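What follows is each chain in one-letter form.
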Amino acid sequence: SQTIHQWPATLVQPVGSPLSLECTVEGTSNPNLYWYRQAAGRGLQLLFYSVGIGQISSEVPQNLSASRPQDRQFILSSKKLLLSDSGFYLCAWSVRTATEAFFGQGTRLTVV
Amino acid sequence: GENVEQHPSTLSVQEGDSAVIKCTYSDSASNYFPWYKQELGKRPQLIIDIRSNVGEKKDQRIAVTLNKTAKHFSLHITETQPEDSAVYFCAASSQAGTALIFGKGTTLSVSS
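Residues numbered from 1 in each chain as written. Chains lettered and ligands numbered in written order. Predicted model: local features only at pLDDT ≥ 70, side-chain atom pairs only at ≥ 80, totals over all residues. Heavy atoms only, no water.

Student: Hey, could you run me through the overall build of chain B in this one?
Tutor: Scanning chain B for helices and strands turns up 0 helices and 11 strands. Its helices and strands in sequence order give chain B the pattern β-β-β-β-β-β-β-β-β-β-β, from N to C terminus. Its C-alpha atoms give chain B a radius of gyration of 13 Å, near enough to 13 Å, the size a compact globule of 112 residues would have. When the backbone C-alpha atoms are referred to their principal axes, chain B occupies close to 45 × 30 × 20 Å. Here chain B holds 112 residues, and 45% of them are scored as buried. Across chain B, the centroid of the 11 positively charged side chains sits 5 Å from that of the 12 negatively charged ones. (Helix = DSSP H or I, 4+ residues; strand = E, 2+ residues; numbered from the N terminus. Rg over C-alpha atoms; globule rule 2.2 N^0.38 Å. Buried < 20%, exposed > 50% of the residue type's maximum accessible area, 1.4 Å probe, protein only. Lys, Arg positive; Asp, Glu negative; His and termini not counted. Charge placed at Lys NZ, Arg CZ, Asp CG, Glu CD.)

Shown next as structure tokens:
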């Protein structure tokens, strides 16, 4: 069966520090991968999606970036965090577009 | 791109009552409409979905209806129970689209 791992579960970072969140999927090949951010009152905001290695599409201009160095690995990064980057970050995968997305456990990021 | 509006943002019902959450979408090419339930501190999980070639789908106490002409779809929960209390998200995605685009969520509270 397929599983998705996301870490860390919680993270407190100072303003201006770098960020690296990692997500891996097991039990499937060539999944679509997604990063969403959940902030209070704003629902699930799509940040990045990837349909293959090295293929990244950005939905929201910001100081975050994403990379997919391996088929089942998706990384969310920032060089310098802002207070507004605080939120609940969720990685997800799907077999293909327009199908069920399966979410990781999420990372609660607090920028102080 | 796709835009999904969800109403109401909060909904309070008595146990045993019905609850209805409504969503509208903007992209007429969208053909997949899932609903997710997110309990406090947990990841969103799919509860029901519908495709554009179907007008209604039911799973026990949960049903979803789709009106393609009006571009709106709704979640119906009958005989609500306290464990139905959670945040519910609707989403839309097209086969040629990018990823699931979510509404801002509805916080459902069921009081006993």
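Student: Before we go on, may I ask you to explain the overall build of chain A in this structure?
Tutor: Within chain A one finds 0 helices and 11 strands. The linear arrangement of helices and strands in chain A, starting from the amino end, is β-β-β-β-β-β-β-β-β-β-β. The principal-axis extents of the C-alpha atoms in chain A amount to approximately 40 × 25 × 20 Å. When the 112 residues of chain A are sorted by exposure, 50% land in the buried category. A fraction of 54% describes how many contacts in chain A between residues 6 or more apart in sequence connect residues 24 or more apart. Of the roughly 5100 Å² of accessible surface on chain A, 52% is carried by carbon and sulfur atoms. In chain A, 8 side chains carry a positive charge and 6 a negative one; their mean positions are 7 Å apart. (Contact = heavy atoms within 4.5 Å. Areas by Shrake-Rupley, 256 points an atom, 1.4 Å probe, with all protein chains shown as cover.)

Student: Mind showing me how you'd approach the sheet that holds strand β3 (residues 19-26) of chain A here?
Tutor: Within a sheet, neighbouring strands are paired by backbone hydrogen bonds and run either parallel or antiparallel to one another. All names here are of chain A. Across the sheet, which stays open at both edges, the 4 strands sit in the order β1-β3-β8-β7 with antiparallel pairing between neighbours. Every interior strand has two partners, whereas the edge strands, β1 (3-7) and β7 (64-70), have only one. For this sheet, the mean inter-axis angle between neighbouring strands, taken without regard to orientation, is 15°. As paired strands, β7 and strand β8 (residues 73-78) are joined by 5 bridges and run antiparallel to one another. By the bridge assignment for β8, Ser67 is matched with Ile75. (Pairing = 2+ DSSP bridges. Axes fitted to C-alpha atoms, helices over the stretch in contact; angles between N-to-C directions.)

Student: I keep staring at the interface of chain B and chain A and nothing clicks. Help me out?
Tutor: Where the parts come together, the accessible area they lose is often given as the size of the interface. Taken together, the 21 residues of chain B in the interface contact 22 residues of chain A. Summed over both partners, the interface of chain B with chain A comes to about 1700 Å²; 58% of that surface belongs to carbon and sulfur atoms. Considering only the side of chain B, the residues that lose the most area to chain A are Arg43, Thr98 and Phe102 of chain B, jointly responsible for 31% of the buried surface there. Across the chain B-chain A interface, the total number found is 0 salt bridges. At the junction of chain B with chain A, the criterion picks out 7 residue pairs in polar contact (both at pLDDT 80 or more). Broken down by secondary-structure element, the contributors of at least two residues to the side of chain B that touches chain A are β4 (32-38), β5 (45-51) and β10 (101-102) of chain B. (Buried area = accessible area lost by both parts, 1.4 Å probe. Salt bridge = Lys/Arg side-chain N within 4 Å of Asp/Glu carboxyl O. Polar contact = N/O pair within 3.5 Å; in protein donor to acceptor, adjacent residues only side chain to side chain.)

Student: Teacher, can you tell me more about the state of the cysteines here?
Tutor: One covalent bond between the sulfur atoms of two cysteine residues makes up a disulfide. Within the structure shown, the criterion is met by 2 disulfides over all chains. What pairs with Cys23 of chain A in a disulfide is Cys91 of chain A, and their sulfur atoms sit 2.0 Å apart. The sign of the -75° torsion about the S-S bond sets the Cys23 of chain A-Cys91 of chain A disulfide as left-handed. One end of the pair, Cys23 of chain A, is in strand β3; the other, Cys91 of chain A, is in strand β9 (residues 87-94), and 68 residues separate them in sequence. In terms of burial, Cys23 of chain A and Cys91 of chain A fall into one category: buried. Each sulfur of the disulfide joining Cys23 of chain B and Cys90 of chain B lies 1.9 Å from the other. Sign of the S-S torsion, about -100° for the bond between Cys23 of chain B and Cys90 of chain B, identifies this disulfide as left-handed. Here Cys23 of chain B, found in strand β3 (residues 19-25), pairs with Cys90 of chain B, found in strand β9 (residues 86-92); they are 67 residues apart in sequence, far enough to count as distant. Each member of the pair, Cys23 of chain B as well as Cys90 of chain B, carries the same accessibility label: buried. (Disulfide = S-S within 2.5 Å.)

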